Every structure is written in C-alpha cells, then in structure tokens.
Amino acid sequence: MTVCIIGGGIIGLCSAWYAAEQGFDVTVLERGPESGDSCSLGNAGMIVPSHFVPLAAPGMMAYGLKQLTNPESPFWIRPKPTKELIDWGLKFMQSATQEHVERSAPLLRDLNNLSRAEYERLAEAFGNEFGLVKRGLLMLTKTQHALDEEIAMAAKARALGIPAEALTPEETAQLDPAITMDVAGSVYFPNDCHLAPGKLVAGLTKRLRERGVQIIYSAAVTGWVTTRGRVSAALTPAGQFEADQFVLAGGAWSPEAAQGLGLSLPMQAGKGYSLTLENPKQLPELCSIFVEARVAVTPMGGTLRVGGTMEIAGNDLSVNPRRVAGIVKSVPRYFPAFSEDDFAGLTPWSGLRPVSPDGLPYLGRPAKWSNVVVATGHAMMGLSLGPVSGKLVGELLADQSPSIALELLSPDRFSSASKG
Ligand SMILES: Cc1cc2nc3c(=O)[nH]c(=O)nc-3n(C[C@H](O)[C@H](O)[C@H](O)COP(=O)(O)OP(=O)(O)OC[C@H]3O[C@@H](n4cnc5c(N)ncnc54)[C@H](O)[C@@H]3O)c2cc1C
C-alpha cells in the first residue's frame with residue numbers, strides 16, 4: 001500500500017514516520033528545495049501540555065483589535081481584509097466562546113500529553129539528537145495583574161490534571177539560576193519540554209530516507225487526478241505521483257491544495273519571527289514565555305532563541321522590522337543581563353503558522369474522498385503536536401480506530417455540507 005504525503009514540514013514528516021511504521025510505502029512531496037525553510041524550522045521548539053486553551057477564546061478578538069494601532073505589538077491583522085479573511089474572522093468570533101474552550105481543553109491536553117510521550121520515544125530511538133529537554137516551562141510575568149491571571153490559569157490546568165505551580169520571584173530564580181530575571185513571579189509547568197526544531201527536522205529526514213521513504217523536493221502539488229470519490233494521483237511539475245492514499249499536510253498553504261479537491265479548510269497564515277543568539281550572555285536551562293510581551297524564549301544547545309508575534313497578513317514571509325523590534329525590546333525587560341544591542345545584525349527568521357478559525361487542527365478523513373487524510377491547521381502548536389498528529393494519521397491510513405477521538409478536529413467542520 002502506497003501513501004503520498006503533501007508537505008515536508010513537521011506534520012508531513014511525522015505523518016511519514018508513523019505511516020512507514022505502519023508498513024506503508026511512503027513518498028513525501030515538498031514544494032520547496034531541500035535546503036528550503038518551513039514554519040517547522042525556526043519556531044520556538046516548545047512542547048506544551050500547558051497550552052490547553054485554543055487561540056479562539058473569549059477576549060482574543062478584543063485583545064487583537066486593541067493592538068492594531070501599536071506597530072510593535074505582538075498581534076497585527078491586515079487593515080484591508082480579503083473576503084477569506086472576513087470569513088475567517090467571522091468564524092473565529094463565532095468559535096471564541098467559553099463552551100468551545102471547555103470542550104477543546106481536554107482534547108488539547110490529551111493530544112499534547114500523547115505527543116510528549118511520543119517525543120520521548122523518538123528521542124530514545126534517535127539518541128536524542130534533537131536535544132529534548134524535559135525541564136518544564138516558565139510563564140514569566142512583569143506585573144501582578146498578569147501573574148494573577150496566570151495563577152488562575154494554573155488552577156484550571158490542575159483541574160484538568162496538568163501540573164502547574166505558582167512561584168515567587170525567588171522561587172523562580174532558584175529553578176533556573178543560570179539566568180537573571182526581573183519578574184513579578186511565574187507559573188511553572190513541569191511537564192512542558194523543549195527541543196531544537198531544525199535538528200528534529202534534519203534527523204527525521206535522514207531516518208525517513210534510511211527507512212526507504214522518498215522525499216521529493218521542488219514538487220509543488222498543483223492538481224489532482226480523481227475518480228469516483230477517490231484521488232488517484234497528485235500532479236506536480238516534477239511529474240504525476242500515484243498512490244493508494246494521500247495526506248494533505250501543506251501548512252498555511254493547505255487551503256490552496258485542498259481547493260483542487262473541493263474541500264473547504266478556512267485558514268489564515270499567522271506570521272511570526274524568531275532570532276537566535278549564537279553566544280548568549282546567559283543561557284537559561286528552561287524555556288519560558290514572557291507573558292505580557294507574548295514572546296517565547298528557548299535555549300537550544302548553546303544558543304538562545306526568542307520568537308513571537310502573530311501577523312495575519314496573508315501568505316507573505318516578508319519581515320516587518322518594527323514588530324521584530326517589539327520582540328527584541330522585551331528581552332532586557334525580563335532578562336536584564338541582555339540589551340537590545342545583543343540582537344543587532346541578526347537576520348530575523350519568519351514563518352507562517354497555519355491557523356484555523358477555531359484554533360484547532362484539521363485532522364481526519366474528509367467525507368468527500370475515501371482515501372485522503374487531512375493533517376494541518378496546528379497554529380501555535382504544530383511542533384508540539386507533530387508526533388501525535390503523525391501517529392493519528394498512521395492509524396487513519398491503516399483503518400485503525402484512532403488513539404484519540406477526532407470529532408472536534410474534523411476537516412469537514414466548516415464545510416457547508418456538514419452543516420446542511
Ligand atoms: C515564531 C514561531 C514560534 C513557534 N513556536 C512554536 C513552539 O514553540 N511550539 C509549537 O508547537 N509550535 C510553534 N510554532 C508553530 C509551528 O512552527 C507550526 O505550527 C508548525 O511548524 C506547522 O507545521 P506544518 O508542517 O503544518 O507546516 P509547515 O512547517 O509550514 O510545512 C508545510 C510544508 O508544506 C509545503 N507545501 C505547501 N503546499 C504544498 C504543495 N501544494 N505541494 C507540496 N508542498 C507543499 C510547504 O512548502 C511547507 O514546507 C511557532 C511558529 C512560529 C512562527
């Protein structure tokens with residue numbers, strides 16, 4: 001049985017890994033060159049059982065609108081919206097309810113916990129060449145108000161069985177003495193982890209090839225051959241690829257590819273940036289999030305990566321220096337040993353998160369095609385959810401019942417047919 005996977009980011013590669021484990025003969029088609037980039041390389045590398053609240057939550061829309069006039073804010077939305085963006089925004093508003101958050105939280109917890117366990121298994125199989133560190137994550141706050149909100153969130157986490165602990169500034173410093181912090185306090189999530197995403201992608205690519213998986217670069221899927229409810233081939237400038245089953249894992253570009261199959265996967269690209277200091281003045285041992293600034297900070301080997309912003313502005317990877325400046329300015333505020341000058345001359349990396357309107361991935365078989373699996377829309381958690389997504393894709397391909405119920409992730413949930 002053959003499987004053709006569209007997209008060579010973390011979701012496509014993990015899908016390939018688990019499909020190969022299930023015994024499938026796998027080909028991955030990647031639009032970019034082998035030396036190319038995807039959202040999966042420059043991200044903050046955090047594995048986040050702590051993130052049980054979907055992006056579409058009450059208050060998010062108001063927060064986003066408040067940020068619009070600040071050029072250095074962590075959130076921005078294109079002022080002249082396209083028809084797709086208006087449609088996505090309306091769906092986002094409809095989804096951002098307390099009921100949605102409560103329904104999604106146990107699912108996100110289960111997905112992240114299983115993914116973490118799978119990462120432990122992969123780290124063992126790969127000799128931990130991607131640097132998995134299981135020391136937890138700190139939510140660092142500058143203000144008491146933000147700390148109180150995080151403490152309230154920690155109580156909700158514990159109610160879901162996710163360990164979380166509120167710490168004073170002194171306790172925070174004791175947990176990570178290698179870094180000087182200027183904070184009001186923190187919430188510590190001990191089960192979170194971090195890793196080096198570039199090494200993970202490189203390691204997966206190498207080992208997939210050793211297992212006989214073909215990864216074909218410069219092969220953008222631009223069309224499909226279909227017959228009677230089945231897809232029989234993907235069309236690319238590099239030729240036509242036939243397979244028994246297909247997996248759509250094209251990240252922020254998935255809707256384009258899905259359109260050719262008549263599937264509706266509302267999605268916006270959420271652009272973010274990261275900067276990596278090769279020789280940081282200080283190196284924390286834990287990854288952390290600067291809560292008010294919405295900036296993620298991760299030690300990766302001897303380097304330190306800082307990343308953030310969410311710009312909803314189309315599939316455009318161009319760098320906005322004002323927003324990068326917003327990230328850089330936040331670092332000395334929380335980590336005073338650093339100055340803005342430490343980042344001078346660094347080239348910012350940009351990546352497009354695939355963001356669905358309800359903040360949940362699309363994962364499952366669309367009703368229209370019996371031999372297609374969709375795996376995309378992971379927004380801010382694609383790295384974290386890579387292995388569990390791959391495992392679930394493998395189970396779907398093999399017609400096994402999935403380890404986690406997938407109803408809330410149906411790729412048909414926004415299609416008019418599913419509402420009819
Ligand atoms: C600044 C920043 C920090 C982040 N930090 C974290 C973090 O700490 N933890 C976390 O879990 N997540 C994080 N994320 C999110 C995470 O990076 C993404 O969710 C994840 O990389 C998405 O993976 P993907 O495989 O779906 O998409 P991608 O990595 O974008 O891969 C999709 C691939 O499909 C290819 N493709 C698209 N269309 C076609 C086509 N038609 N034919 C062939 N190929 C195609 C593309 O070229 C691309 O290589 C962060 C993101 C950003 C921007």
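Every value quoted in this text rests on a predicted model; they were computed, and no experiment measured them. (Residues numbered from 1 in each chain as written. Predicted model: local features only at pLDDT ≥ 70, side-chain atom pairs only at ≥ 80, totals over all residues. Heavy atoms only, no water.)

Draft legend 1. Region of the structure containing the overall build of the chain. Along the backbone of the chain there are 11 helices and 20 strands. Against the globule reference of 22 Å for 420 residues, the chain gives a C-alpha radius of gyration of 21 Å, in line with a compact fold. Viewed in the frame of its principal axes, the chain has a C-alpha envelope of about 65 × 45 × 45 Å. Within the span of the chain, comprising 420 residues, buried residues form 57% of the whole. Contacts spanning at least 24 positions in sequence make up 76% of the contacts within the chain whose residues lie at least 6 apart. About 17000 Å² of surface is accessible on the chain, with carbon and sulfur atoms providing 54% of the total. Distance between charge centroids for the chain: 4 Å, based on 36 positive and 41 negative side chains. (Helix = DSSP H or I, 4+ residues; strand = E, 2+ residues; numbered from the N terminus. Rg over C-alpha atoms; globule rule 2.2 N^0.38 Å. Buried < 20%, exposed > 50% of the residue type's maximum accessible area, 1.4 Å probe, protein only. Contact = heavy atoms within 4.5 Å. Areas by Shrake-Rupley, 256 points an atom, 1.4 Å probe, with all protein chains shown as cover. Lys, Arg positive; Asp, Glu negative; His and termini not counted. Charge placed at Lys NZ, Arg CZ, Asp CG, Glu CD.)

Draft legend 2. Spotlight on helix α3 (residues 83-95). Here α3 is 13 residues long and its end C-alpha atoms lie 18 Å apart, about the 18 Å a rise of 1.5 Å per residue gives. Taken together, the buried positions of α3 are L85, W88, G89, K91, F92 and S95. Down the axis, α3 shows its buried residues gathered within 165° of arc, on one side only. Every exposed residue of α3 that faces more than 90 degrees away from the buried side is listed here: K83 and Q94. Of the surrounding secondary structure, the elements contacted by the buried residues of α3 are α2 (60-67), β4 (75-77), α4 (98-125), β14 (268-277), β17 (303-312) and β18 (349-355). (Expected span 1.5 Å × (residues − 1). Arc of directions from axis to C-beta.)

Draft legend 3. View of the site of the ligand. Contacts to the ligand come from 35 residues, most closely from E30, S40, V221, A379 and S384. Within the side chain of S38, a nitrogen or oxygen atom sits 3.1 Å from an oxygen atom of the ligand. Contact between the ligand and C39: an oxygen atom at 3.1 Å from a main-chain N or O atom of the residue. A total of 1000 Å² of accessible area belongs to the ligand in isolation, and the protein chains cover 96% of it. Those elements that provide at least two residues to the shell around the ligand are α1 (10-21), β14 and β18. Top contributing element to the shell around the ligand by residue count: β18, with four residues. Of the residues assigned to the shell around the ligand, the class counts are 19 nonpolar, 13 polar and three charged. (Near = heavy atom within 4 Å. Polar contact = N/O pair within 3.5 Å; in protein donor to acceptor, adjacent residues only side chain to side chain. Nonpolar A, V, L, I, M, F, W, Y, C, P; charged D, E, K, R; others polar.)

Draft legend 4. Expanded view of the side chain of S350. Take S350: it is sitting in strand β18. Only 2.7 Å separates the side chain of S350 from the backbone oxygen of L317, close enough to count as a polar contact. Residues within four places of S350 in sequence aside, it is in contact with D37, K271, G272, Y273, L317 and V319.

Draft legend 5. Layout of the packing of aromatic side chains. One pass over the full model with this rule turns up nine aromatic pairs. Their ring planes at 80° and their centres at 5.9 Å tell us that F126 and F130 sit as a pair that is edge-to-face. As far as burial versus exposure is concerned, F126 and F130 are alike and both buried. In textbook terms, an aromatic cluster arises when at least three aromatic residues are bridged by ring pairs, as seen for W17, Y119, F126 and F130. Here K142 stacks its cationic end above the ring of Y334, 6.0 Å away from the centre of that ring. (Phe/Tyr/Trp six-rings, centres within 6.5 Å; stacked < 30°, edge-to-face > 60°. Lys NZ or Arg CZ within 6 Å of the ring centre and 35° of its normal.)

Draft legend 6. Structural view of the nonpolar core. In this structure, V26, L111, Y119 and F130 are the most contacted members of the largest nonpolar core, which totals 68 residues. Considering every element that reaches this core, the biggest residue donor is α1, with nine residues. (Core = buried A, V, L, I, M, F, W, Y, C linked by side-chain atoms within 4.5 Å.)

Draft legend 7. Highlighting the packing of α1 against α4. In contact at an axis separation of 14 Å, α1 and α4 are set at 70° when each is read in the N-to-C sense. Here α1 is positioned roughly perpendicular relative to α4, judged by the angle of their axes. Mapping the contact onto sequence places I10, W17, Y18 and E21 in α1 and E118, Y119, R121 and L122 in α4. In the contact of α1 with α4, the residues fall into five nonpolar, no polar and three charged. (Axes fitted to C-alpha atoms, helices over the stretch in contact; angles between N-to-C directions. Parallel < 35°, antiparallel > 145°, perpendicular 65-115°, else oblique.)

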